[in-house]
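# Structural characterization, general
Listed here are the chains, written in short residue letters.
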Amino acid sequence: MKTLILYSSKHHGNTEKVARAMGEESGAAVRKLSDIRPEDLDGFDLVGFGSGINGFDVYPDLTALVSGMPDRKGQKAFVFSTCASNKDFTGKFRTLLAEKRFDVVGEFHCKGLWTPLFFKIRTGHPDEQDLMNARAFIRNLIQ
Ligand SMILES: Cc1cc2nc3c(=O)[nH]c(=O)nc-3n(C[C@H](O)[C@H](O)[C@H](O)COP(=O)(O)O)c2cc1C
């Protein structure tokens, strides 16, 4: 399955770590979002969209990229995110993917280090277990 993994990772590289683990496990192409144009998704069977969370949503550049895309005609997609909480904040983004007629076949979320002011929250995340979970997720998805 020809797979492309895109990520927007702005603060601590947390989401990039997850993207790279998934890429190593699956042999997928891994690209940062700023290097991607909408037409670069053409020809892939599966596209993964990864982001950190800012204000209970994915990063605006990820939303902007998908908003500017033409109809995807059932192209398969999955979503992954890292954030300070255990919650999933990608619901709005997944609705946008569905509006663009991506077929969303999976989602993965794990904790990521956050350093608001002088605090440190979720230190060490994503950790080895998080990355093992990410590898297992994509293995199962592709099988
Ligand atoms: C300005 C800002 C806002 C954030 N808002 C949230 C939030 O609403 N919920 C949450 O769980 N984490 C929030 N976080 C934590 C990040 O989502 C977390 O650190 C994430 O792993 C960063 O990913 P990155 O290193 O790939 O950019 C926020 C972080 C920053 C810097």
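Presented here is a report on the structure given in the accompanying data block. (Residues numbered from 1 in each chain as written. Predicted model: local features only at pLDDT ≥ 70, side-chain atom pairs only at ≥ 80, totals over all residues.)

## What about the sheet that holds strand S2 (residues 29–32)?
Hydrogen bonding along the main chain pairs the strands of a sheet, whether they run parallel or antiparallel. With parallel pairing, the 5 strands of this open sheet are ordered in space as S2-S1-S3-S4-S5. Two strands close off the open sheet at either side, each with one partner strand: S2 and strand S5 (103–111). Going from strand to strand, the sheet's axes swing by 20° on average, the running direction of each strand aside. The sheet contact formed by strand S1 (residues 3–8) and strand S3 (residues 46–52) spans 6 bridges and is parallel. Residue pairing for S3: Leu4 is matched across the bridge by Val47. (Pairing = 2+ DSSP bridges. Helix = DSSP H or I, 4+ residues; strand = E, 2+ residues; numbered from the N terminus. Axes fitted to C-alpha atoms, helices over the stretch in contact; angles between N-to-C directions.)

## Thoughts on the packing of helix H1 (residues 14–26) against helix H4 (residues 128–142)
Two elements in contact, H1 and H4, have axes separated by 8 Å at closest approach and are oriented at 45°. Between H1 and H4, the interaxial angle falls into the category oblique. Of the two possible hands of crossing, H1 and H4 adopt the one that is right-handed. Contact residues: H1 offers Lys17, Val18, Ala21, Met22, Glu25 and Ser26, while H4 offers Leu131, Ala134, Arg135, Ile138, Arg139 and Ile142. Of the residues assigned to the contact of H1 with H4, the class counts are 7 nonpolar, 1 polar and 4 charged. (Parallel < 35°, antiparallel > 145°, perpendicular 65-115°, else oblique. Left-handed = near helix turned anticlockwise from the far one by under 90°. Contact = placed C-beta atoms within 7 Å. Nonpolar A, V, L, I, M, F, W, Y, C, P; charged D, E, K, R; others polar.)

## Things to note about the pairing of S3
Taking burial as the measure, the 7 residues of S3 include 7 buried ones, the bulk of the element. By the alternation rule, side chains of S3 split into Leu46, Gly48, Gly50 and Gly52 and Val47, Phe49 and Ser51, which are all buried. Looking at chain direction, S3 and strand S4 (residues 76–83) are connected through 7 bridges and run parallel. For Phe49, the partnering residue across the bridge sits in S4 and is Val79. Considered for its hand, the β-α-β crossover made up of S3, helix H2 (residues 60–67) and S4 is right-handed. (Buried ≥ 20, exposed ≤ 12 C-beta atoms within 10 Å, placed from the backbone. Right-handed = clockwise from strand over helix to strand, strands pointing away.)

## Things to note about the environment of Pro60
The residue Pro60 is located in helix H2 in this model. Taking the C-beta count within 10 Å as the criterion, Pro60 has 13 such neighbours and is therefore assigned partly exposed. With 52 residues separating them in the primary sequence, Pro60 and Ser8 have C-alpha atoms 9.4 Å apart.

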